[in-house]
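Fold and contact review
Residues per chain, in single letters:
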Amino acid sequence: MKHKVYIGDNLRVMQTNKDFDQYGGKVSVIYIDPPYNTKTKKSYNDKQAREEWLEFMKARLILGRYYLKEDGVIFISIDDNEYAYLKVLCDEVFGEKNCLGTFITKQSQRSNSKHINTVHEYILAYARNKKKCPEFKVKRTDTPEGKKNFDAVSTYGVFSIATNPTFEDALKDYRRWLVNFCKANDLSWLRNYNYIDEVGTPYFATDLSTPGKPRTVDIPEIGLHLDPLPTRGWSSDEKFKELHKAGRLIFRDGRPYAIHYLEEAEDSAPSILDFYSRQGNEDMKRLGLDGIFDTPKPVNMLKYLLRITGVKEGVVMDFFAGSGSFCQATEEVNREDKKSLQCILIQLDEDIAEGTESYERCKELGIEPNIPAVLEARLKKSGCEYEIFK
């Protein structure tokens, strides 16, 4: 998938670029990391009076709404400095009824405050039309904490199979360990995954009886016959056929169950995200581009935001592109999840201040010391195909 990068003032590009107008009402996800107006950034201009900043943001958010699909969503990173004002502004632009909530992200460094050490930032989430916006679902393994728990449980499942003489012994061993692990880590939901398959993969078995009239199940093509239950019905014949075809139909004591593997477990998106600001710097370091941007957003966090929307194809956008974190995230989601998302970026042709560490680092790397040049270097190093429009 070839992504597009527009160089110029984002307001002007969104208002006047005839090619860009093709995306009106077609963007599924917008993510932006606008200037926080903290007056502390070293690599770009981050200083405006609040009234000016709000007018600056309002004009761009109105256009952002125009480009969103009816079921589209926008995510906006911000910190304490302007969060309250941005929330009110977004209520005005998108409608208070279309607020989806606020994520809290963790910061790894101490603040300079003498009273409350602020170690978090926010991501505001709004829909163009909340009623049409799909639920946010997240694979538990897409969060750092969830991945850690999954790895621990999966490793022990394999260990149980390898170190016990029979499958029954392995299952008993795994279940004893799982109870203790869940208790020690306060993970009540994980206790449901108290089965493992023949290679040690953990799963949750759900009963296939349903409320309703008792009935006989007779499906010769899959060799299934079930007598009616006294007070409940069975799932549909189609359900049984689908589970059989997928290898997800099992029996315990003569009763049918459906397999749900732990690696597929989903949950509603929690408001506190387990991603740290330093992860964004580590992303840049892996590409050999560290030391240029103050606070690039973590690629895994942006992948998480893309995934919870459930969008599989179409257009996503970032009109404060910066170093291009969102495009890298989009490209990685495409590769890992077999999706077809095209990322559209806009970035101001802004120079990095001469004499700063960021400027010197660009010179050291042979990169022109301006934001679009760094952006292009990142896209190349992360394997993104792209076109530049100026």
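Quick caveat: nothing in here was measured; it's all calculated off a predicted structure.

This part is about the overall build of the protein. Within the protein, the secondary structure is distributed over 11 helices and 19 strands. Overall, the C-alpha framework of the protein stretches about 75 × 45 × 45 Å when taken along its three principal axes. Relative to its full complement of 390 residues, the protein shows a buried share of 50%. Put simply, 69% of the contacts in the protein that link residues at least 6 apart link residues at least 24 apart. Of the roughly 19,900 Å² of accessible surface on the protein, 48% is carried by carbon and sulfur atoms. In the protein, 58 side chains carry a positive charge and 61 a negative one; their mean positions are 2 Å apart.

Turning to helix α11 (residues 371-381), a few remarks are in order. Counting buried residues in α11 gives 8 out of 11 residues, a clear majority hidden from the surface. By the burial criterion, the buried members of α11 are I371, P372, A373, V374, L375, A377, R378 and L379. Taking the backbone nitrogen of A373 as reference, a side-chain oxygen 2.9 Å away marks N370 as the first, capping residue of α11. The positive-phi residue at the C-terminal boundary of α11 is G383, with phi of around 80 degrees.

Before going further, it helps to spend a moment on the sheet that holds strand β5 (residues 120-127). Spatial ordering of the open sheet is given by β16-β4-β5-β3-β2-β17-β18-β1-β19, a layout of 9 strands whose pairing is mixed. Each edge of the open sheet carries a strand with a single partner, namely β16 (272-276) and β19 (385-389). Going from strand to strand, the sheet's axes swing by 20 degrees on average, the running direction of each strand aside. Here helix α2 (residues 50-67) sits on the sheet and contacts β2 (27-32), β3 (68-78) and β17 (313-318); the angle it forms with β3, its principal contact strand, is near 150 degrees. Its contacts with the sheet place helix α3 (residues 83-94) against β3, β4 (99-106) and β5, and it is angled at close to 5 degrees to β5.

On to the packing of α2 against α3. Viewed as axis vectors pointing N to C, α2 and α3 meet at an angle of 35 degrees, and their least axial separation amounts to 10 Å. Note on packing geometry: the crossing formed by α2 with α3 is right-handed. Where α2 approaches α3, its residues R50, W53, L54, M57, K58, L61, I62 and R65 are matched on the opposing element by Y85, L86, L89, C90, E92, V93 and F94. Across the contact of α2 with α3, the residue classes break down as 11 nonpolar, no polar and 4 charged.

Bridge count between β4 and β5: 7 bridges; the pairing is antiparallel. Residue pairing in the sheet places T102 in a bridge with L124 of β5. In this structure, β4 lies alongside β16, joined through 3 bridges in parallel fashion. Pairing of I104 across the sheet is with I272, part of β16.

This part is about the pairing of strand β18 (residues 340-347). Within a regular beta strand, the side chains point alternately toward one face of the sheet and then the other, so they alternate between its two faces. The element β18 is largely enclosed, with a buried count of 7 among its 8 residues. Relative to β18, strand β1 (residues 2-7) runs parallel, the two being bridged by 4 bridges. When the bridges of β18 are listed, Y6 appears paired with I346. Two strands pair when backbone bridges link them, and β17 and β18 are joined in this way by 6 bridges, in the parallel orientation. Counted as the bridge partner of M317 is I344 from β18. In this fold, the crossover linking β17 to β18 by way of helix α9 (residues 325-337) has right-handed handedness.

Tallying each qualifying case throughout the model produces 2 cavities of 30 Å³ or more. In this structure, the largest cavity occupies an estimated 80 Å³ of space. Looking at the largest cavity, the residues that line it are T105, K106, Q107, E121, F275, Y276, S277, T295, P296, K297, P298 and M301. Counting residues per element, the ones that place at least two in the lining of the largest cavity are β4 and β16. Classifying every residue of the lining of the largest cavity by side-chain character gives 5 nonpolar, 4 polar and 3 charged. The volume enclosed by the second largest cavity comes to roughly 40 Å³.

Here the phi dihedral of D253 falls at roughly 55 degrees; this positive angle occurs in a residue that is not glycine. Locating D253 in the fold gives a position in the loop between β13 (249-252) and β14 (255-261). Take D253: its relative accessible area is 85%, and that puts it in the exposed class. We note that K338 has phi near 55 degrees; this positive angle belongs to a residue other than glycine.

Definitions and cut-offs
Residues numbered from 1 in each chain as written. Predicted model: local features only at pLDDT ≥ 70, side-chain atom pairs only at ≥ 80, totals over all residues. Heavy atoms only, no water. Helix = DSSP H or I, 4+ residues; strand = E, 2+ residues; numbered from the N terminus. Buried < 20%, exposed > 50% of the residue type's maximum accessible area, 1.4 Å probe, protein only. Contact = heavy atoms within 4.5 Å. Areas by Shrake-Rupley, 256 points an atom, 1.4 Å probe, with all protein chains shown as cover. Lys, Arg positive; Asp, Glu negative; His and termini not counted. Charge placed at Lys NZ, Arg CZ, Asp CG, Glu CD. Polar contact = N/O pair within 3.5 Å; in protein donor to acceptor, adjacent residues only side chain to side chain. Pairing = 2+ DSSP bridges. Axes fitted to C-alpha atoms, helices over the stretch in contact; angles between N-to-C directions. Left-handed = near helix turned anticlockwise from the far one by under 90°. Nonpolar A, V, L, I, M, F, W, Y, C, P; charged D, E, K, R; others polar. Right-handed = clockwise from strand over helix to strand, strands pointing away. 1 Å grid on protein atoms, 1.4 Å probe; cavity = no way out; pocket = protein on both sides within 12 Å on 5 of 7 lines; lining within 4 Å. Points joined across faces, edges and corners; volume = space filled by probe spheres on them.

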